[in-house]
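# Architecture and fold: a report
One letter stands for each residue in the lines below.
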Amino acid sequence: MNVLIVDDEQHVREAVKLLVDWRGLGIEGVYEADNGEEAARLIERVQPEIVVTDMRMPIQDGVDLLAWIQKSGRPIQSIVISGHDDFDLVRSTMKYGGQDYLLKPIDPEQLHEALRKAVDNWRREDREKKLSQRRAIEMNRLKPVYWDKIFSNLVTEPGSYAVVRDSLDEEFGLGRAERCQVVVLGVDTASREVLAKFDRNRDLLFFSVTNVCNEFLRPDNRGIACRYWNSENEVLILLWDRFEELRETLGRMDEGFRLTLRCRFDFGIGTVEAFPSGAGASCRTARLALRRRSMLAKTTRFHEYEPAAAKAAITPLRVLDHEESFRLAALNGGEAEIRAAVRRWIDAVRALPDITLEQLELWRHEFAALRERWAKDSAAAAGGTDTASPMPIPLDDDGCLSLPRWEEELVARLLRIAERRGGERSRERNVMAEIARYIEQNYNRELTLQEIAGQFYLSREYISRRFKQDFGENLSDFLGRIRIERAKLLLGNPALKIAEIAEMVGFSDEKYFSKVFKKLEGVSPNQFRKG
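Because the structure is a prediction, the values reported are computed rather than measured.

Rules behind the numbers
- Residues numbered from 1 in each chain as written.
- Predicted model: local features only at pLDDT ≥ 70, side-chain atom pairs only at ≥ 80, totals over all residues.
- Heavy atoms only, no water.
- Helix = DSSP H or I, 4+ residues; strand = E, 2+ residues; numbered from the N terminus.
- Buried < 20%, exposed > 50% of the residue type's maximum accessible area, 1.4 Å probe, protein only.
- Contact = heavy atoms within 4.5 Å.
- Areas by Shrake-Rupley, 256 points an atom, 1.4 Å probe, with all protein chains shown as cover.
- Lys, Arg positive; Asp, Glu negative; His and termini not counted.
- Charge placed at Lys NZ, Arg CZ, Asp CG, Glu CD.
- Axes fitted to C-alpha atoms, helices over the stretch in contact; angles between N-to-C directions.
- Parallel < 35°, antiparallel > 145°, perpendicular 65-115°, else oblique.
- Left-handed = near helix turned anticlockwise from the far one by under 90°.
- Nonpolar A, V, L, I, M, F, W, Y, C, P; charged D, E, K, R; others polar.
- Salt bridge = Lys/Arg side-chain N within 4 Å of Asp/Glu carboxyl O.
- Pairing = 2+ DSSP bridges.
- pLDDT = per-residue confidence, 0-100.
- Phe/Tyr/Trp six-rings, centres within 6.5 Å; stacked < 30°, edge-to-face > 60°.
- Lys NZ or Arg CZ within 6 Å of the ring centre and 35° of its normal.

Time to look at the overall build of the chain. Secondary structure summary: the chain contains 22 helices and 10 strands in total. Taken along the three principal axes of its C-alpha coordinates, the chain extends 80 × 70 × 50 Å. In the chain, which comprises 531 residues, the share counted as buried stands at 45%. Within the chain, counting contacts between residues at least 6 apart in sequence, those at least 24 apart form 66% of the total. Carbon and sulfur atoms make up 47% of the accessible area of the chain, which amounts to about 28100 Å² in all. One way to put it: in the chain the 82 positive side-chain charges average out to a point 3 Å from where the 88 negative ones average out.

What follows is the structure in structure tokens.
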């Protein structure tokens, strides 16, 4: 393992070399550079695992070096040693993947601990990388991508069967198939936890899902599951035998997902058609069944195709009918107005007798069109265009529509639009004041220092130290005081129980709420209410 020390002052580089037990950390090579440009050349030549860099240097500074390292995608752990306690430098360090920000003069214990963590992080990431590579090799060995593409092509262009007939007959015995049925599995209907787990490796999720399906299809050669290459979120299950056992087979797959992936998926069941000419028609009906399933209640995960005339998939409720309400709220910029506008939309949605995935996708496209139109109108004033990601389908853990989650997502997006329309934030704005405002807006839910640090791209230690300096109290005391002040207002409502008030201001335990209240106010909540 190698380390590169980057500082334009030679005595600092010498000090770093003398203060660390390199052999004890497993570091064999220690290299030096006096600016970022020289460091980049050395990195390409010696490929160090760790870089210890100053921030203020001639030719190329530490910020540009960290940005270059991140852009190059090199697995390097970065540590900053700087003589400047500067917010912008700290934020840049965190933004570009720096692990620690140490101040000069160098504290030997802090330096050693930072290097130890960097070594541990690099070794852990290296193990994970090698494990990922082994999984990729295994995936390619067990399920060649070739067959996924062949079967995806078969349902979109049945005429392609003539080209691959002999290969499919030899591998799967399809020469005797006369009928077929397609089932479509929606990967995006998995739980939020599973989607987050596979967020950076969606290929592995598809491999896992198709592997479970094929355990129940391939042994008796009744069909095959493969990734559908014409969709980002779907798996195809093509059956050519034993159609009467479909429900039982899907039930066994569902249980397999519960045991291996700890989640469930929805299945769209298509019609039985002639093979291969009807494969495309069966696939279309399966996708329609999946898109037209009810999103309000989870009565089944197996959705059979119904003719379009038997089910009204689209309602007359349109996002564009509420555009003026959303636009005025965003222009005003007030959270109360934005929440009121969103609540009117959610109430209209809640009044519908049923909502399908097809309907949700239409609304999502309408919201995207609305946001794009606003972005074009205000691009000059905002100094750029809207780069927000597409709005995700607001599902709960059971795959049903979650109106509370959708409401919060809409409020958050409209608040961001309102912020852009008001102009870019000034770089000189006091970030601690922003953190205080964030706490005031989110006091009624569980808040952690780790979450706040991630929200503002700062380290937990930096936030704790600067918040105490700027406000004269630590962050937890500030949060407690905000909660108690809100509780005092709520205690004026005799219809609210003490336990309800405690929960409304972020306390999960009524006794602890009373204890904190009495500590700050000198009386219990009940005594305060009576007084």
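This paragraph deals with the packing of helix α16 (residues 431-442) against helix α17 (residues 449-456). Relative orientation of the contacting elements α16 and α17 amounts to 130°, with a least axis distance of 11 Å. One way to sum up the angle between α16 and α17 is to call them oblique. Read as a crossing pair, α16 and α17 show a hand that is right-handed. Touching Val431, Glu434, Ile435, Tyr438 and Ile439 of α16 are Glu451, Ile452, Gln455 and Phe456, all from α17. Partitioning the contact of α16 with α17 into residue classes produces 6 nonpolar, 1 polar and 2 charged.

Moving on to the pattern of salt bridges. Under the criterion given, the structure shown has 39 salt bridges. Asp54 is paired through a salt bridge with Lys104; the nearest N and O atoms lie 3.5 Å apart. Here the residue Asp54 occupies a position in the loop between β3 (50-53) and α3 (62-72), and Lys104 occupies one in the loop between β5 (98-103) and α5 (108-142), the gap between them amounting to 50 residues. Overall, the relative accessible area of 4% leaves Asp54 in the buried class. On the basis of relative accessibility, which here comes to 24%, the residue Lys104 falls in the partly exposed class. Residues Glu255 and Arg258 are paired through a salt bridge, measuring 2.5 Å at the closest nitrogen-oxygen approach. On the criterion of helical spacing, the pair formed by Glu255 and Arg258 is a turn pair, its members being 3 residues apart in helix α10 (residues 246-260). Residues participating in the shared-partner salt-bridge network are Asp7, Glu9, Asp54 and Lys104.

The strand order across the open sheet built from 5 strands is β7-β8-β6-β9-β10, with neighbouring strands paired in mixed fashion. Each edge of the open sheet carries a strand with a single partner, namely β7 (223-227) and β10 (302-304). Across this sheet, the average inter-strand angle for adjacent strands is 25°, counted without regard to direction. Sheet topology places strand β6 (residues 179-186) next to strand β8 (residues 234-239); 6 bridges connect them, and they run antiparallel. Bridging from a neighbouring strand, Val182 pairs with Leu238 of β8.

The next thing to look at is the sheet that holds β3. The 5 strands lie next to each other as β2-β1-β3-β4-β5, forming an open sheet whose pairing is parallel. The strands lining the two open edges of the sheet, one partner per strand, are β2 (29-33) and β5. Strand-to-strand twist across the sheet, computed as the mean angle between neighbouring axes with direction ignored, equals 15°. Sitting on the sheet, helix α1 (residues 10-19) touches β1 (2-6), β2 and β4 (77-82), and the angle it makes with β2 is about 165°. Most of the contacts of helix α4 (residues 87-95) go to β5, to which it runs at about 155°, and overall it touches β4 and β5.

Looking now at unusual backbone geometry. The amide bond that connects Lys104 to the next residue, Pro105, takes the cis arrangement and shows omega of -5°. Here Phe275 and Pro276 are connected by a cis peptide whose omega angle stands at 0°. Looking at the element boundaries, Pro276 is found in the loop between β9 (266-274) and α11 (279-291). Although it is not a glycine, Ile59 sits at a positive phi angle of roughly 70°. Mapped onto the elements, Ile59 comes out in the loop between β3 and α3. Within the chain, Arg242 stands out as a residue other than glycine whose phi angle is a positive 55°. Mapping Arg242 onto the fold places it in the loop between β8 and α10.

Further remarks concern the confidence of the model for the chain. Scored by pLDDT, the chain comes out at a mean of 85, with 92% of its residues at no less than 70. Considering only residues more than four positions removed or in separate chains, one finds that residues 379-387, a stretch of pLDDT under 50, has 7 contacts. Considering only residues more than four positions removed or in separate chains, one finds that residues 424-429, a stretch of pLDDT under 50, has 6 contacts.

Now for the packing of aromatic side chains. A full pass over the atoms with the stated rule returns 25 aromatic pairs. Pairing Trp345 with Phe367 gives two aromatic rings, centres 5.8 Å apart and planes at 85°, and the pair type is edge-to-face. With Trp345 in helix α13 (residues 335-350) and Phe367 in helix α14 (residues 357-382), this pair connects stretches of sequence that are 22 residues apart. A network of ring pairs unites the aromatic residues Tyr146, Trp147, Phe151, Phe172 and Trp240 as a single cluster. For the cation-ring pair, Lys149 lies above Trp229, with the distance from its terminal atom to the ring centre recorded as 5.5 Å. If you follow Arg486 out to its NZ or CZ, it ends over the ring of Tyr443, 5.1 Å from the centre.

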